[in-house]
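Understanding the architecture of this molecule
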Amino acid sequence: MTEFVQRKPFVFLMVLVLTNLFLLSVQIRNEQGLTLLHSWELTLFTPMASSIHGVTSKIENAVSRYVYLHNAQQENERLIHENAQLKLELIQLRGLKSLFLRARDYELIRNQYVFDTLPVAVIWRNARFYSQRFVVNAGIAQGVMRDAAVITPEGIVGRIWAVSRDSSEVELLTNNGAAAGGMLNDSRMQGVVQGNGSELLNWNFIPNYEQVKVGDLVYTSGTDRIYPRGLLIGQVLKSEKSRMIYRDVVIRPRPDYSRLEEVMVVVHRE
Amino acid sequence: MPAVIRAHEIAAFLVLAAGLDLLMANYVPGAGYLDLPLIAVLYIGWYSSPVKGGVCGLLFGLVQDRVLGLPLGLNGLTKTLVGFSAYYLNHLVMLEGVLGRCIMIAVFSLVDGAVINGLRSALGQPPRLGLVPDLVIRAIVTGISGSILFSMIDRIKFSPADFRKIES
């Protein structure tokens, strides 16, 4: 066997190439759902990732606390958290105010604006060059559910893609196939914001006759039943009439996904 | 120069390249531009046989796919081809100088990146914006780092007598 392989290396190369192609084809077929391999890997990988994250965080904290004043550092962290929470509450209250002026349907209001958030840390991410997902340190045990919205005070990030006991995998909104309902704040024009695997988002189903200007801010419409209404998605980067009936609108997401260290998962949504 | 790469050395390369790749991807900004597994596969393919190079390419590529969260087989395929062809390239062109090796690694990195992005497109993942600059930066970083690493490993692995043999 070894002799045959040494004498006919190109035959062996074909076997190796076919092995890779087989692996790829199996994954393409299963891409819509979570594979067992993926699920097991997440469960096995969590303790390791959490430990590394814990150790590196402790080292980072020790160094920064040595360099900066201990109390000032803590106070700063508390204020950052408080500020983030207040920003979210402000968004919720603005949305409530605007909705109260237009509608009196209490159930609608509860569904759209009343939710709690769980602050979580990003414990693992793959190289940004390739990946559109990352892992956070909260799972089923902390009340995180699949498809829960992941947000920051600056805007939405994505949704929970896979959950294990103590960790979850987040799919960024920019991932190919990810989507959210989006609307303009002033005109209330609604469309579907979709990721395409790049750093930007497409805003689809906006008719050509609608006025969408570069620089306009796009907010969640709440129609997707994942993201609460009124959160910022991003800013219009390009808006052109197309040959079809819908405009060609490109959005730059507001949070910088490559710099996320802490995010919030929407839990206990009414 | 003796063309011997032992199994335990390959295992050490694999663990080192995968481990460093994993840690750097998380903790070193811009580390995605350095393709350590490509350098390791090229080195093994360079100094062993096409079969060994191909098998190591497959192993390193699959590990890299897991590390980067890509579909299994993307890097597996390209690294298999890289490991396999490195041996033949070594016998066709005598690239023992640092500059020659740097260019060779950079070209392999460019081809590797282009094939991966081609396959990504075929799988329905559109290429990222700034694709060409990313690939070029990656090729330059990997080429320079690879040629330095090649020289370092040569110095560790081979005795001065081996180098004198080459020079004479």
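Just so it is clear, the structure is predicted and the values come from calculations on it, not from any experiment. (Residues numbered from 1 in each chain as written. Chains lettered and ligands numbered in written order. Predicted model: local features only at pLDDT ≥ 70, side-chain atom pairs only at ≥ 80, totals over all residues. Heavy atoms only, no water.)

1. Some thoughts on the layout of surface pockets
Here is the rule: Two kinds of site are reported from a 1 Å grid over the protein atoms alone, namely cavities, where a 1.4 Å probe fits but cannot get out, and pockets, open sets with protein on both sides within 12 Å along at least five of seven lines, and residues are called lining when an atom falls within 4 Å of a point. Grid points are joined across faces, edges and corners, and a volume is the space filled by probe spheres set on the points. For the purposes of this entry, the term helix denotes a DSSP run of H or I that reaches at least four residues, the term strand denotes a run of E that reaches at least two, and both are numbered from the N terminus.
The computed volume of the largest pocket comes to approximately 1900 Å³. Together, 50 residues line the largest pocket, and R125(A), R259(A), L260(A), E261(A) and E262(A) are the ones closest to its centre. Of all the elements in the fold, those that place two or more residues in the lining of the largest pocket are α3 (36–67), α4 (70–102), β1 (116–125), β3 (149–152) and β12 (262–267) of chain A together with α1 (7–27) of chain B. In terms of residue count, the dominant contributor to the lining of the largest pocket is α4(A) (9 residues).

2. Brief notes about the confidence of the model for chain B
Heads up, the condition is: For every residue, the predictor assigns a confidence score, pLDDT, that lies between 0 and 100.
On average, residues of chain B score 80 in pLDDT, and 85% of them reach the 70 mark or higher. Predicted complex metrics record ipTM = 0.77 and pTM = 0.50.

3. Considerations on a nonpolar patch on the surface
Residue and element names in this part refer to chain B. The criterion, for reference: Within this analysis, patches are made of residues with over 30% relative accessible area and no salt bridge. Like charges are joined at 9 Å or less; nonpolar side chains (Val, Leu, Ile, Met, Phe, Trp, Tyr) at 5 Å or less. Note that accessible areas follow from Shrake-Rupley with a 1.4 Å probe, and for residues the cover is restricted to the protein chains shown. One speaks of a salt bridge when a side-chain nitrogen belonging to Lys or Arg is within 4 Å of a carboxyl oxygen belonging to Asp or Glu. Each residue's exposure class comes from its accessible area (1.4 Å probe, protein chains only) as a fraction of the maximum for that residue type: buried when under 20%, exposed when over 50%, partly exposed otherwise.
Where nonpolar side chains cluster on the molecular surface, the patch consists of L99, I103, V107, L110, V111, V115, V132, V136, I140, I144, I148 and M152 and spans about 1000 Å² of accessible area. Going through the elements one at a time, α5 (98–122) and α6 (131–157) are the ones with two or more residues in the nonpolar patch. Among the structural elements, L99 can be located in helix α5. Its relative accessible area of 63% is what places L99 among the exposed residues.

4. Observations concerning the pairing of β12(A)
All names here are of chain A. Stated formally: What makes two strands pair is DSSP finding at least two bridges between them.
Of all 6 residues that make up β12, 5 are buried, and the element is covered over most of its length. Looking at chain direction, β1 and β12 are connected through 6 bridges and run antiparallel. Paired with A121 across the strands is E262, a residue of β12. Here 2 bridges tie β3 to β12, and the two strands are oriented antiparallel to one another. What sits directly across from I151, in β12, is M264.

5. A word on the pattern of salt bridges
Residues and elements named next belong to chain A. Summed over the entire model, instances satisfying the criterion amount to 13 salt bridges over all chains. A salt bridge links E75 to R78; its shortest N-O distance comes to 3.0 Å. With E75 and R78 both in helix α4 and 3 residues apart, this pair spans about one turn of that helix. The partner of E154 in a salt bridge is K87, with the nearest N and O atoms 3.6 Å apart.

6. Side note on the sheet that holds β3(A)
All names here are of chain A. The condition is simple: To define axes, lines are fitted to C-alpha atoms, for helices over the stretch in contact only, and angles between the resulting N-to-C directions are given on a 0 to 180 degree scale.
Reading around the barrel, the 6 strands line up as β1-β2-β5-β4-β3-β12 and close back on themselves, with antiparallel pairing between neighbours. Direction aside, neighbouring strands of the sheet carry axes that sit 45° apart on average. Pairing between β3 and strand β4 (residues 155–163): 4 bridges, direction antiparallel. Across the sheet, residue T152 finds its bridge partner in β4, namely G155.

7. Considerations on the packing of α1(B) against helix α2 (residues 36–47) of chain B
Residue and element names in this part refer to chain B. Applicable threshold: We call two directions roughly parallel when the angle between them is under 35 degrees, roughly antiparallel when it is over 145, roughly perpendicular when it lies between 65 and 115, and oblique otherwise. It is the rotation of the near helix from the far one that decides the hand of a crossing: anticlockwise by less than a right angle makes it left-handed, clockwise makes it right-handed. When checking whether two residues touch, look at their non-hydrogen atoms; a contact exists if any pair is within 4.5 Å. Three classes are used: nonpolar for Ala, Val, Leu, Ile, Met, Phe, Trp, Tyr, Cys and Pro, charged for Asp, Glu, Lys and Arg, and polar for all others, with Gly counted as polar.
Viewed as axis vectors pointing N to C, α1 and α2 meet at an angle of 165°, and their least axial separation amounts to 9 Å. One element, α1, and the other, α2, form an angle in the roughly antiparallel class. Classified by chirality, the crossing of α2 by α1 is right-handed. Between α1 and α2, the residues in contact are I10, F13, A17, L20, D21 and M24 and L36, P37, A40, Y43 and I44, respectively. Of the residues contributing to the contact of α1 with α2, the split by class is 10 nonpolar, no polar and 1 charged.

8. A word on the packing of α1(B) against helix α3 (residues 50–68) of chain B
Residues and elements named next belong to chain B. Remark: α1 packs on α3, axes separated minimally by 10 Å, with the N-to-C direction vectors making an angle of 25°. Taken together, the axis directions place α1 and α3 in an arrangement best described as roughly parallel. In this structure, α1 meets α3 at a crossing whose hand is right-handed. Residues I10, F13, L14, A17, A18, D21 and L22 of α1 lie in contact with α3, whose contacting residues are K52, C56, L59, F60, V63, Q64 and V67. Among the residues making up the contact of α1 with α3, the classes are represented as 11 nonpolar, 1 polar and 2 charged.

9. Details of the packing of aromatic side chains
Note the cut-off: Centres within 6.5 Å are what make two rings of Phe, Tyr or Trp a pair, Trp counting through its six-membered ring; a difference in plane orientation under 30 degrees is then read as stacked, over 60 as edge-to-face, and the rest as tilted.
Within this structure, the stated rule accounts for 9 aromatic pairs over all chains. When the ring of F10(A) is compared with that of Y88(B), the centres are 5.6 Å apart and the planes differ by 25°; the resulting orientation is stacked. You can see F10(A) sitting in helix α2 (residues 9–29) and its partner Y88(B) sitting in helix α4 (residues 74–92), one on each of two chains. For F10(A), a relative accessible area of 52% corresponds to the exposed category. Judged by its relative accessible area of 28%, Y88(B) is partly exposed. Relative to Y47(B), the ring of Y43(B) has its centre 4.8 Å away and its plane inclined at 70°; by these criteria the two rings are edge-to-face. You can see Y43(B) and its partner Y47(B) sitting in helix α2, 4 residues apart, about one turn around the helix. By relative accessible area, Y47(B) is classed as buried at 4%.

10. Describing the confidence of the model for chain A
Taken over all residues, the pLDDT of chain A has a mean of 81, while the share at 70 or more is 81%. Within chain A, the lowest mean pLDDT, 58, falls on helix α5 (residues 106–113) of chain A, and the highest, 93, falls on strand β11 (residues 248–253) of chain A.

11. Notes on α4(B)
Note that an α-helix has 3.6 residues per turn; residues three or four places apart therefore point the same way. Residues and elements named next belong to chain B. To be explicit about the condition: Take the number of residues in a helix, subtract one, and multiply by 1.5 Å to get its expected span. Bend is computed residue by residue as the angle between axes fitted to the seven residues ending at the residue and the seven residues starting at it.
With 19 residues, α4 extends 27 Å from end C-alpha to end C-alpha; this agrees with the ideal 27 Å at 1.5 Å per step. Along α4, the sharpest kink reaches roughly 30°, centred on A86. The complete set of buried residues in α4 reads L74, N75, G76, L77, T78, K79, T80, V82, G83, F84, A86 and N90.

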